[in-house]
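Residue-level listing of the chains:
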Amino acid sequence: MKKDEFFWLNAVNRATVVTGLRNGQFGEDLARRAAAGIAAVEAMGEADPALRVKSYIAWEPLLIKAAGQGVTAIHAGRSSQDILSTMRIAMMRDAAIDFARAFDKVLDKLFELAQKNRDTIVPNYTNGVAAQPNSYAHYLSLI
């Protein structure tokens, strides 16, 4: 599943429907129409990659087309800037998690290499001057 802007626009709006219904901002009829409309927009984006829009201003007309003008009531009290900032934070969070996982793999490889070289002696230098030799494992632990 591609977690692009389109994915997060749909996810944020699904969360809006759930929260709005729970908080009594709108009734079950509107929530059902909105949920069905969001599902239809997602299906459109899966069928036609050109419809995987990146902004709320482009996404909302797709929802209106799928569920009718009245469905826009789910966004009372929210702005497209709120929606887009939430989407961007989610995307940055995903990127940070991906980076952390990749960095963990690098650290695992360094640790593995260090374990294999506990007794490998390498020269050390301090300001370009030869210093006490050290283990390669210790050197790798400083990286």
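*Asks:* Can you break down the pairing of strand β2 (residues 129–135) residue by residue, with the values?
*Replies:* In terms of strand pairing, strand β1 (residues 121–126) meets β2 through five bridges, oriented antiparallel. In the sheet register, T126 faces β2, and the bridge partner there is V129. The turn joining β1 and β2, which pair antiparallel and follow one another in sequence, is formed by two residues; a positive phi near 50° is taken by N127.

*Asks:* Describe the pattern of salt bridges, with residues and values.
*Replies:* One pass over the structure, following the stated rule, counts nine salt bridges. Where E46 meets R52, a salt bridge forms, and the shortest distance between an N and an O atom there is 2.9 Å. Assessed through its relative accessible area of 16%, R52 is described here as buried.

*Asks:* An account of unusual backbone geometry is needed here, citing residue identities and associated values.
*Replies:* In this model, N127 sits at a positive phi of 50°, which is unusual for a non-glycine residue. Classification of N127 by relative accessible area gives exposed; the value is 78%.

*Asks:* Mind laying out the nonpolar core, listing which residues take part and the relevant values?
*Replies:* Counting residues in hydrophobic clusters, the biggest one holds 24 residues, and the most contacted among them are L9, W59, L63 and I74. Mapped by element, the contributors of at least two residues to this core are α1 (5–22), α2 (28–47), α3 (56–67) and α4 (80–116). If you tally residues by element for this core, the top one is α1, at seven residues. Excluding residues within four positions of it along the chain, W59 makes contact with F6, L9, N10, N13, I38, V41, V53 and H75.

*Asks:* Please set out the side chain of N10 residue by residue, giving values where relevant.
*Replies:* Position of N10 relative to the elements: it lies in helix α1. Once residues lying within four places of it in the same chain are set aside, the contact partners of N10 are I38, V41, E42 and W59.

*Asks:* Talk me through the packing of aromatic side chains; I want residue IDs and the actual numbers.
*Replies:* For the coordinates displayed, the defined rule picks out four aromatic pairs. With centroids separated by 4.9 Å and ring planes inclined at 90°, the aromatic side chains of F7 and W8 adopt a geometry described as edge-to-face. Like F7, the residue W8 is buried in the burial classification. On the numbers, 5.8 Å between centres and 15° between planes, the contact of Y136 with Y139 is stacked. With Y136 and Y139 both in helix α5 (residues 136–141), this residue pair falls three residues apart, about one helical turn. Among the residues examined, Y136 registers a relative accessible area of 26% and is labelled partly exposed.

*Asks:* Can you lay out the packing of α2 against α3 for me, pointing to particular residues and giving the numbers?
*Replies:* Taken N-terminus to C-terminus, the directions of α2 and α3 make an angle of 115°; their axes are 8 Å apart at the nearest point. In this structure, α2 crosses over α3, and the sense of that crossing is right-handed. Of the residues in α3, those in contact with R33, A34, G37, I38, A40, V41 and M44 of α2 are W59, L62, L63, A66 and A67. Grouping the constituent residues of the contact of α2 with α3 by class yields ten nonpolar, one polar and one charged.

*Asks:* Give a description of α3 that names residues and reports values.
*Replies:* The end-to-end C-alpha separation of α3 is 16 Å, in line with the 16 Å expected for twelve residues at 1.5 Å each. Of the residues making up α3, those classed as buried are Y56, W59, L62, L63 and A67. End-on view of α3: buried residues confined to an arc of 120°, all on one side of the axis. Away from the buried face of α3 by more than 90 degrees, exposed residues I57 and K65 are located. On the buried face of α3, the contacting elements are α1, α2 and α4. Of the residues flanking the end of α3, it is G68, one or two places downstream, whose phi is positive at about 95°.

Each value, and the rule that gives it
Residues numbered from 1 in each chain as written. Predicted model: local features only at pLDDT ≥ 70, side-chain atom pairs only at ≥ 80, totals over all residues. Heavy atoms only, no water. Pairing = 2+ DSSP bridges. Helix = DSSP H or I, 4+ residues; strand = E, 2+ residues; numbered from the N terminus. Salt bridge = Lys/Arg side-chain N within 4 Å of Asp/Glu carboxyl O. Buried < 20%, exposed > 50% of the residue type's maximum accessible area, 1.4 Å probe, protein only. Core = buried A, V, L, I, M, F, W, Y, C linked by side-chain atoms within 4.5 Å. Contact = heavy atoms within 4.5 Å. Phe/Tyr/Trp six-rings, centres within 6.5 Å; stacked < 30°, edge-to-face > 60°. Axes fitted to C-alpha atoms, helices over the stretch in contact; angles between N-to-C directions. Left-handed = near helix turned anticlockwise from the far one by under 90°. Nonpolar A, V, L, I, M, F, W, Y, C, P; charged D, E, K, R; others polar. Expected span 1.5 Å × (residues − 1). Arc of directions from axis to C-beta.

Functional significance is not addressed by these values, which are geometric in nature.
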